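Structural characterization, general
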Amino acid sequence: LPLSRSVCSSMGGWQLLALPVGKGPHSVGCADIMVGNTCQGLFFRLFYPCEPQAGAEQPLWIPRDEYCRVLTTFTHCSWTAPLLRLAIGSCRVPVSWKGPFKPCSRGYPLIIFSHGLGAFRTVYSSLCSELASWGFVVVALEHRDHSASTTYFLTEAGQEEWIPYQRVPQGQKEFYFRKKQVHQRAEECVRALRLFQDISSGESVPNVLPQDFSLSVLKDSLDLSRVSVMGHSFGGVTAVLALVKEPSFRCAVALDAWMFPLENALYPEVSKPVLFINAEKFQTPESVARMKSLSSRNSQTKIITVLGSVHQSHTDLTFLAWKLNRIFSTRGTLDPYKGLDIISRAALAFLQRHLNLEEGFDQWDHLIEGIGDSVVPGAPFCRSNL
């Protein structure tokens with residue numbers, strides 16, 4: 001299907017809206033990369049600047065049918081998986097699948113991206129491809145802490161071993177369960193950075209999947225002095241914790257962060273700047289208070305709210321299947337394309353400031369301060385739907 005801003009198809013009355021194309025100067029390629037034959041390895045979708053290709057293959061947004069469980073875990077409704085498959089199962093991401101990497105002698109900055117609870121590596125394709133179009137290499141992890149909708153790894157025998165989503169065990173307090181997960185997630189972010197450090201130093205890092213795309217093409221095209229971490233919801237607090245675990249992460253962008261799983265003793269250890277980009281209808285006073293405790297210690301840590309947005313406005317779901325929105329509230333009152341512009345431009349301005357880039361992203365500095373149409377500083381105290 002040709003993908004554009006307009007409605008691209010209708011399936012049984014389910015009108016679909018396509019994922020947006022990156023607005024930056026680079027064409028974008030992507031590949032799914034699996035490293036290691038155990039659950040301790042890594043699995044991620046890599047978004048990167050690529051050479052333009054006419055008629056390039058575009059990857060499916062939902063990579064496998066098993067991932068249709070995403071709305072099942074989001075909504076606790078067992079019938080949503082076939083509904084999701086029917087509504088948006090054929091949607092494709094407007095990037096070049098395993099397109100030829102575009103070398104860069106000065107090196108692209110690196111972003112490690114952490115998904116939210118019940119999500120997976122492709123759910124943030126719009127934001128990740130937008131950032132890649134502006135000259136970033138983005139590593140969208142698929143976490144193996146049982147917080148993804150589902151995921152898998154390939155054993156040495158070539159067998160798939162699946163890691164399903166796991167709810168909080170009966171009788172166990174959620175904080176302790178999520179605390180363990182957030183530490184595993186942050187450590188996976190650090191391991192991802194280590195992987196690219198090894199690649200840049202010339203070490204051979206054979207990937208299990210795919211065999212026709214070698215990470216070695218990135219060797220001389222990464223600037224690992226300019227590395228950041230980003231995430232949504234559970235991934236937002238993962239990004240904050242990753243700053244504590246790894247000094248090489250210079251800053252974090254936390255999209256509607258779920259601050260609950262991070263223990264209070266760690267907040268004083270977050271010394272690097274964080275940009276909190278919140279939706280209007282998700283955060284709690286307790287969560288915002290934790291964000292403010294970080295901003296009170298670091299004047300470069302900022303909190304802004306995108307008006308008219310909901311928690312899923314940070315995901316691709318806000319662009320897909322209009323009728324799904326009536327059931328699952330995947331879209332607020334703000335136009336999703338405008339919302340993506342605000343989120344991506346605020347992030348780009350913040351990254352330029354703290355990675356010492358010279359790309360002209362400072363034209364959007366006002367967004368970091370919460371100044372502009374549909375954005376305000378701070379965060380309203382709204383009841384969470386968690």
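Higher on the page you've got the structure.
First, a word on scope: everything that follows refers to the structure included in this document. (Residues numbered from 1 in each chain as written. Predicted model: local features only at pLDDT ≥ 70, side-chain atom pairs only at ≥ 80, totals over all residues. Heavy atoms only, no water.)

Attention shifts here to helix α5 (residues 234–245). Given a rise of 1.5 Å per residue, twelve residues ought to cover 16 Å, and the 16 Å separating the end C-alpha atoms of α5 matches this to within 8%. Of all twelve residues making up α5, ten are buried, and the element is well covered by its neighbours. All of the buried residues in α5 are F234, G235, G236, V237, T238, A239, V240, L241, A242 and L243. In this structure, the buried side of α5 is in contact with β6 (108–114), α4 (174–200), β10 (222–232), β11 (249–255), β12 (274–279) and α6 (285–295). (Helix = DSSP H or I, 4+ residues; strand = E, 2+ residues; numbered from the N terminus. Expected span 1.5 Å × (residues − 1). Buried < 20%, exposed > 50% of the residue type's maximum accessible area, 1.4 Å probe, protein only. Contact = heavy atoms within 4.5 Å.)

Evaluated as defined, the whole model comprises 18 salt bridges. A salt bridge links E160 to R64; the shortest N-O distance between them is 3.0 Å. Of this pair, E160 sits in strand β9 (residues 160–164) while R64 is found in the loop between β4 (42–50) and α1 (69–75), placing the two residues 96 residues apart along the sequence. With relative accessibility at 25%, the residue R64 sits in the partly exposed group. (Salt bridge = Lys/Arg side-chain N within 4 Å of Asp/Glu carboxyl O.)

Here we come to unusual backbone geometry. Between L209 and the following residue, P210, the backbone shows a cis peptide bond with an omega angle of -20 degrees. Phi is positive for K98, close to 55 degrees, though the residue is something other than glycine. With respect to the secondary-structure elements, K98 resides in the loop between β5 (96–97) and β6. What makes K98 partly exposed here is its relative accessible area of 27%. Unlike most non-glycine residues, S374 shows phi in positive territory, near 70 degrees. Within the secondary structure layout, S374 lies in the loop between α9 (365–368) and β14 (375–377).

Let us look at the sheet that holds strand β13 (residues 302–306). Pairing is mixed in the open sheet, where ten strands are placed in the order β5-β3-β4-β7-β6-β10-β11-β12-β13-β14. Taken across any chain shown, the strands that pair with only one partner, and hence form the sheet edges, are β5 and β14. Bridging between β13 and β14 involves three bridges; their strand directions are antiparallel. Bridge pairing links V306 to V375 in β14. Here helix α8 (residues 336–355) sits on the sheet and contacts β6, β10, β11, β12, β13 and β14; the angle it forms with β11, its principal contact strand, is near 165 degrees. (Pairing = 2+ DSSP bridges. Axes fitted to C-alpha atoms, helices over the stretch in contact; angles between N-to-C directions.)

Any functional reading would require information that these geometric values do not contain.
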